[in-house]
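Examining the three-dimensional arrangement
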Amino acid sequence: MTTTAHQISEELLDYIAKSPSCYHAVENGSKMLEGFTRLYEDREWKLIPGGNYFVIRNDSSIIAFKIPENKYKSIRISAAHSDFPGFKVKTNPVMIVEKHYVKLNTEKYGGMIMSTWLDRPLSLAGRVVIKEDGNIVSKLINVDRDLLLIPSVAIHMNRDANDGFKYDAQVDTLPLFGEEADEEKAKEKFENIIASAAGVAKEDIIGSDIFLYMRDKGKIWGADNEYISSRALDDLQCAYGTIKGFILADTPQSALSLCCIFDNEEVGSLTGQGADSTFLADTLHRINESLGYSHSHLLQGLSAGYMISADNAHAVHPNHTEYADPTNRPLINKGIVIKFNAAQKYTTDGVSEAMFRDVCRRAYVPVQTYTNKSNMPGGSTLGNISNRHVSIRTVDIGLPQLAMHSAYETAGVKDTEYLVKAIREFFSGE
């Protein structure tokens, strides 16, 4: 395994460790954009050729872009997502059991493998909202200690635990928080912990979006240290890889380059900050307007443009090879995966496939292919959803991984470096 691949994987693990929520993932992504100027959607944009900028929506989605020195002729876009499956803390979460245990009321966010969340150290992260100098202000929080745990039921009491047990999200996956007989005191303890993490008084908090996150650290492991395991590899591996490749790329003379990290992919993207929002379209229109170009010129740029939608892919499982398609069988550490679906849940077609293969050829990056088995339904991702608002030639890709949507997923050390190289080449070429 190359030193560079290991270094990039260590950087990825550090990024994930610092990103226990989608809000932190975007904040840490913005910190990578050294030398970029932050813009705000509620203010005027005064852009200049050769400038580098970024804009954030709802604290959880970010679009960074590089403007070429010359009038752009095409538009290049990469997209990944900041969110990952887990449990969201409900409003009024404190629950008392047997006048002793305190647990928190939560609900599912996305389609996680629920059993993988049991008996692991957990904590809370997200954001709180306060009013400051007359303005609504968000404060990111991370209770950076082992605070919660979802205890499983002993095999003696649940003999079906190993025989296809069905988990009830309102019963089986509520986390244990502490001990208190008085509900008001338990509520105060919870609120004080959240307020302390935000650095504000609990009375100042007027809103919140708080999630559970798994505390086990990411690791590089294997006979030759070839594997990487962590929470949230889907899709922070692609988020990190696309941002890093975008930053490393040379700015082409005639292409407008955008790197997008959207929120809410795991729940359908139907939000103001998801891929099905107008965020990308709004940003493109404002760039075009600020540079003084016509709407027709923007449409020409999109027609000549290209998007890479990056969201991880399923590797062949070593214990269940029967789940993989007979002829499209991606393996960990064997390269970036191009994803296909006849119903266009993945946007790849023959042309966008050829264009991406050419990018990878120039970057000396291996390529694999993925399709669902014809008798197994699959999900969709960012590409086709984003195209509802911004029509552009698109390929759907991902990095091969195991245990997708587990609390602790596994992928390959080499593959993150492959993505960085491909994205760098994509954004550098004329």
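Described below are features of the structure shown in this document. Computed from a prediction, not measured in an experiment: that's the story for all the values here. (Residues numbered from 1 in each chain as written. Predicted model: local features only at pLDDT ≥ 70, side-chain atom pairs only at ≥ 80, totals over all residues. Heavy atoms only, no water.)

Moving on: the pairing of strand β7 (residues 122-132). With respect to burial, β7 is a largely interior element, nine of its eleven residues being buried. The pairing of β7 with strand β10 (residues 205-214) spans nine bridges and is classified as antiparallel. Looking across to β10, one finds that Gly126 is bridged to Ile210. Where β7 meets strand β8 (residues 135-142), eight bridges bridge the pair, whose relative direction is antiparallel. Across the sheet, the residue bridging to Val128 is Lys139, located in β8. Between β7 and β8, which follow one another and run antiparallel, lie two residues, and Asp133 among them has a positive phi close to 55°. (Buried < 20%, exposed > 50% of the residue type's maximum accessible area, 1.4 Å probe, protein only. Helix = DSSP H or I, 4+ residues; strand = E, 2+ residues; numbered from the N terminus. Pairing = 2+ DSSP bridges.)

With that settled, consider the environment of Ile397. On the secondary structure map, Ile397 appears in strand β18 (residues 394-398). In this structure, the C-alpha to C-alpha distance between Ile397 and Glu132, residues 265 residues apart in sequence, is 42 Å. Each residue touching Ile397, except ones within four places of it in the same chain, is listed here: Ile308, Ser309, Ala310, Asp311, Ile336, Val337, Ile338, Lys339, Phe356 and Leu419. (Contact = heavy atoms within 4.5 Å.)

When the terminal C-alpha atoms of helix α7 (residues 350-363) are compared, their 20 Å separation across 14 residues agrees well with the 20 Å that a helix rising 1.5 Å per residue should span. All of the buried residues along α7 are Ser352, Glu353, Phe356, Val359, Cys360 and Ala363. Buried residues of α7, seen end-on, are gathered within an arc of 125° and therefore sit on one face of the element. Along α7, exposed side chains directed more than 90 degrees from the buried face belong to Gly350 and Arg361. For α7, the elements touching its buried residues are β14 (306-310), β16 (336-339), β17 (367-370), β18 and α9 (413-428). (Expected span 1.5 Å × (residues − 1). Arc of directions from axis to C-beta.)

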